[in-house]
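Okay, here's what each chain looks like letter by letter:
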Amino acid sequence: ILPLSIRQLVFGPLGALYPSLYRAPRYLRAKSTLRRMAFDFVEGYFESMSTFGHFDKPSILSPDLKRKLGGYETIELFRSYFRNARTDDPLSRIQYVDIKTYLTDDILAKVDRTSMANSLEVRCPFLDHRIIELAASMPSQLKVRGDNGKYILKQALRGHLPDEIIDRQKMGFGTPLPDWFRNGIRDFAQTYIVGREDPFLSKSFVRRIWDDHQAGIRDTSWQLWNVLMFRLWLEGNRSKGS
C-alpha cells in the first residue's frame, strides 16, 4: 500500500481533474475511486458508509446551516472513535469505529428490530460479548485474506456447512429504491423532495439529485431517501408542536 502522503499527492489532483462521466461505461467512471484513494483510513470508511460523503456534504447543507455549524464535521466523531481504539492495527481500529457507529445506529436499529418483530434471529448469537471480544483480539490476517472476508469464521464452519454456502457472495436485504423513486412512490416523494423546502438543505442541490435520478444520469436513490425521511421527520415534529 502506498503511503498516505504519496496517495494524496498523486490521486488527490487526479480525482479533482477527472470528469464525472456519469453516463459512461462503469470502467470509465473513475472519479470517485481516484478521490477515495487519497483518503486516510477514517476518511475512506466515512466515505464508504455515508450517504452524503466528503464531497456531497458541503453541497446538501444550506449556507445558513453551514454557518451555524461553525466548521463542525461529522467525520470528527469517527476520528474520535478511531483514536480511542486500544490497538495499532488499522483494520481493528476501523472495526471499532464500525461497532460504535454503523452497528448501533443502523444495523441494530433497523434490520434486527424488524426481523425480531417477525420472530427471526438475524445476528444475535454473534453479538455475545465473548464472541465480540474474541474477534477484536484476533489479528487482521485471521479476519481478511485478500478479498476473502470473515476468513476464520468460514474456516471454522467448513465441514459443518456446504462449501457453496460458505463461499457464495454476500446476499443482503436491499430495497428497490431506484425503481421506487422513478415509479412506485415517485409522486409522493416528489411532493416532499422537490415541492417543499426547509432551512437546512440546499434547494438547488436537492433538485439536482432528483433530476439526475429521474433522467437516469446516476443513481441518487439513497440520497433521495434520506432527504425524504428528513422532510417527513420535520413535518411530524412540526405537527406535534402545533
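In this text, all values refer to a predicted model and were calculated from it rather than measured experimentally.

About the thresholds
- Residues numbered from 1 in each chain as written.
- Predicted model: local features only at pLDDT ≥ 70, side-chain atom pairs only at ≥ 80, totals over all residues.
- Heavy atoms only, no water.
- Helix = DSSP H or I, 4+ residues; strand = E, 2+ residues; numbered from the N terminus.
- Buried < 20%, exposed > 50% of the residue type's maximum accessible area, 1.4 Å probe, protein only.
- Contact = heavy atoms within 4.5 Å.
- Areas by Shrake-Rupley, 256 points an atom, 1.4 Å probe, with all protein chains shown as cover.
- Lys, Arg positive; Asp, Glu negative; His and termini not counted.
- Charge placed at Lys NZ, Arg CZ, Asp CG, Glu CD.
- Patch = residues over 30% accessible without salt bridge, like charges linked within 9 Å, V, L, I, M, F, W, Y side chains within 5 Å.
- Salt bridge = Lys/Arg side-chain N within 4 Å of Asp/Glu carboxyl O.
- Core = buried A, V, L, I, M, F, W, Y, C linked by side-chain atoms within 4.5 Å.
- Phe/Tyr/Trp six-rings, centres within 6.5 Å; stacked < 30°, edge-to-face > 60°.

Here's the deal with the overall build of the protein
A tally of helices and strands in the protein yields 14 helices and 2 strands. Along the three orthogonal principal directions, the C-alpha set of the protein runs to about 55 × 50 × 40 Å. Burial status across the protein gives 27% buried among its 242 residues. In the protein, the share of contacts with a sequence separation of at least 24, taken over all contacts with a separation of at least 6, comes to 56%. Of the accessible surface of the protein, which amounts to about 16400 Å², a share of 58% is contributed by carbon and sulfur atoms. The average position of the 37 basic charges and that of the 28 acidic charges among the side chains of the protein differ by 3 Å.

Side note on a nonpolar patch on the surface
Taken together, Phe126, Ile131, Ile152, Leu153, Leu157, Leu161 and Ile165 make up a surface patch of nonpolar side chains, about 530 Å² in accessible area. Top contributing element to the nonpolar patch by residue count: helix α9 (residues 151–157), with 3 residues. The residue phenylalanine 126 is located in the loop between α7 (90–116) and α8 (129–137) in this model. Judged by relative accessible area, which is 47%, phenylalanine 126 ranks as partly exposed.

Section: the nonpolar core
Membership of the largest hydrophobic core comes to 18 residues, with the highest contact counts inside it found for Ile60, Phe181, Ile193, Trp210 and Val227. Looking at this core, the elements that each hand over two or more residues are α11 (177–184), α12 (186–193), α13 (203–214) and α14 (221–241). Broken down by element, the residue count for this core peaks at 4 residues, all from α13. Not counting residues up to four positions away in its chain, the partners in contact with isoleucine 60 are Phe52, Phe200, Leu201, Ser202, Phe205, Val206 and Val227. Counting 8 residues, the second-largest nonpolar core is a separate cluster that includes Phe46, Ile75, Phe78 and Val97.

A closer look at the packing of aromatic side chains
Overall, the coordinates contain 9 aromatic pairs when judged by the stated rule. Ring geometry for tyrosine 45 versus phenylalanine 78: centroids 5.9 Å apart, planes at 50°, classification tilted. With tyrosine 45 in helix α3 (residues 41–49) and phenylalanine 78 in helix α6 (residues 75–84), the pair connects residues that are 33 residues apart, well separated along the chain. One exposure class covers both tyrosine 45 and phenylalanine 78, and it is buried. An aromatic cluster is built from Tyr45, Phe46 and Phe78, whose rings are joined through pairwise contacts.

Section: the pattern of salt bridges
With the rule as written, the count across this model stands at 15 salt bridges. In this structure, glutamate 76 and arginine 79 form a salt bridge, with 3.9 Å as the shortest nitrogen-oxygen distance. Separated by 3 residues within a single helix, glutamate 76 and arginine 79 lie in helix α6, roughly one turn from each other. Assessed through its relative accessible area of 38%, glutamate 76 is described here as partly exposed. In this structure, the salt-bridge partner of arginine 130 is aspartate 128, at a minimum N-O distance of 2.9 Å.

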